[in-house]
Amino acid sequence: MSIAESAAVGSMQPRPKLPLANRLLRFIAITIILFLAVASSCVVASRTIDRDMRQPITDAIPNGFPVLVFWYQNGSTSLHAKVIPLEELDAHRKDHPNTFFLLPEGRGQELHNCLRQQAEGIDADIHKQYNTGRVMQVTARLESSDQSHQSWRVRFQHGNEHVNIGYYTASSNAIKPTYIERYFGPSIALQSLPLDIASWALVWSVAAISIYLLSRIRYFNASKWVTHAT
């Protein structure tokens with residue numbers, strides 16, 4: 001038989017195939033690798049945006065820094081609360097000299113009700129003027145506390161594209177701002193894009209290498225599996 005005839009016969013041989021169980025397990029393994037790559041890419045994007053959003057306050061406090069204030073109205077024991085920009089605090093104190101910053105124990109539901117009413121009132125006013133479907137977000141979360149201090153995360157923003165979150169430590173009569181999260185629309189995403197691209201390239205390079213190495217394992221490689229079986 002000539003070389004050409006041998007080559008022709010060789011080309012007619014069927015390509016080796018993995019058994020169904022091997023192919024199914026390989027599909028599952030590749031799916032897991034791709035899922036982990038997608039999840040890692042999402043985590044990277046979220047972390048880089050959070051990093052760029054949350055900035056420490058080391059000098060001047062930005063306008064609009066949200067602060068949670070409490071007071072009792074006209075000697076009443078009913079707790080009043082609202083979120084205001086820090087620059088409006090002096091004016092608020094003139095109207096409510098008994099303003100304080102520490103949430104009394106067991107008054108969390110009253111705080112929730114006050115902030116819900118504040119958000120609904122702002123939404124109603126904005127809707128009358130602009131007829132937007134965006135929702136005002138006025139929330140406050142107690143991060144930690146001891147006998148004389150509380151750490152707060154306070155959100156005061158309209159819709160999802162204008163983020164405004166203040167972090168601060170409060171005593172009874174004073175606050176100390178520590179961080180602020182603020183951005184408008186896609187600007188922060190564009191700022192984070194270079195680091196995102198570099199991180200995604202690393203994540204997907206690792207995924208591609210993992211899939212290649214997986215294909216070299218005898219259990220998932222048709223040629224090696226057939227050779228081993230024979």
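Calculation criteria
- Residues numbered from 1 in each chain as written.
- Predicted model: local features only at pLDDT ≥ 70, side-chain atom pairs only at ≥ 80, totals over all residues.
- Heavy atoms only, no water.
- Helix = DSSP H or I, 4+ residues; strand = E, 2+ residues; numbered from the N terminus.
- Buried < 20%, exposed > 50% of the residue type's maximum accessible area, 1.4 Å probe, protein only.
- Contact = heavy atoms within 4.5 Å.
- Polar contact = N/O pair within 3.5 Å; in protein donor to acceptor, adjacent residues only side chain to side chain.
- Core = buried A, V, L, I, M, F, W, Y, C linked by side-chain atoms within 4.5 Å.
- Pairing = 2+ DSSP bridges.
- Phe/Tyr/Trp six-rings, centres within 6.5 Å; stacked < 30°, edge-to-face > 60°.
- Patch = residues over 30% accessible without salt bridge, like charges linked within 9 Å, V, L, I, M, F, W, Y side chains within 5 Å.
- Areas by Shrake-Rupley, 256 points an atom, 1.4 Å probe, with all protein chains shown as cover.
- Salt bridge = Lys/Arg side-chain N within 4 Å of Asp/Glu carboxyl O.

Draft legend 1. Structural view of the overall build of the chain. Looking only at helices and strands, the chain has six helices and seven strands in total. For the chain, the N- to C-terminal ordering of α and β elements is α-α-β-β-β-α-α-β-β-β-β-α-α. By the burial criterion, 31% of the 230 residues in the chain qualify as buried. Counting contacts in the chain only where the partners sit at least 6 residues apart, residues at least 24 apart contribute 55% of the total.

Draft legend 2. Fine view of the side chain of Asn-221. Mapped onto the elements of the fold, Asn-221 is located in the loop between helix H5 (187–216) and helix H6 (222–229). Classification of Asn-221 as buried rests on a relative accessible area of 13%. There is a polar contact of 3.0 Å between the side chain of Asn-221 and the backbone oxygen of Ser-215.

Draft legend 3. Molecular detail of the nonpolar core. Formed by 28 residues in total, the largest nonpolar core has its most connected members in Leu-68, Phe-70, Leu-111, Trp-152 and Tyr-168. With five residues, the top contributor of residues to this core is strand S2 (residues 66–72). With near-sequence residues (within four places) excluded, Leu-111 lies in contact with Leu-68, Phe-70, Ala-81, Leu-103 and Trp-152. Ile-33, Ala-37, Val-203 and Leu-214 belong to the second largest nonpolar core, which has six residues in total.

Draft legend 4. Local environment of the pairing of strand S4 (residues 136–145). Sheet analysis places S4 next to strand S5 (residues 150–158), joined by nine bridges and oriented antiparallel. Note that in S5 the partner of Gln-137 across the bridge is Gln-157. In this antiparallel pair of consecutive strands, S4 and S5, the connection spans four residues.

Draft legend 5. Quick peek at the environment of Arg-116. Considering the arrangement of structural elements, one finds Arg-116 in helix H4 (residues 108–130). Overall, Arg-116 belongs to the partly exposed group, its relative accessible area being 36%. Put simply, Arg-116 and Lys-82 are 34 residues apart on the chain and 9.4 Å apart in space, counted from C-alpha to C-alpha.

Draft legend 6. Just the packing of aromatic side chains, in detail. Tallied over the full model, the rule gives five aromatic pairs. Relative to Tyr-179, the ring of Tyr-167 lies with its centre 6.4 Å away and its plane at 85°, an arrangement referred to as edge-to-face. Taken together, the positions of Tyr-167 in strand S6 (residues 162–170) and Tyr-179 in strand S7 (residues 175–184) put the pair twelve residues apart, joining distant regions of the chain. Assessed through its relative accessible area of 33%, Tyr-179 is described here as partly exposed. An aromatic cluster is present here, built from Phe-70, Tyr-72, Phe-100 and Trp-152 joined pairwise through their rings.

Draft legend 7. Spatial organisation of a nonpolar patch on the surface. Together, Leu-24, Leu-25, Phe-27, Ile-28, Ile-32, Phe-35, Leu-36, Ile-217 and Tyr-219 line one region of the surface with nonpolar side chains, adding up to about 880 Å² of accessible area. Mapped onto the elements of the fold, Phe-27 is located in helix H2 (residues 20–53).

Draft legend 8. Structural detail: the side chain of Gln-118. Mapping Gln-118 onto the fold places it in helix H4. A relative accessible area of 14% means that Gln-118 is categorised as buried. Aside from chain neighbours lying at most four places away, what touches Gln-118 is Lys-82, Val-83, Val-138 and Phe-156.

Draft legend 9. Representation of the pairing of S5 within the structure. Among the nine residues of S5, seven are classified as buried, and the element is accordingly described as predominantly covered. Examined bridge by bridge, S5 and S6 share six bridges and lie antiparallel to one another. Bridging from a neighbouring strand, Val-154 pairs with Gly-166 of S6.

Such coordinate-based values are descriptive only and should not be taken to indicate function.
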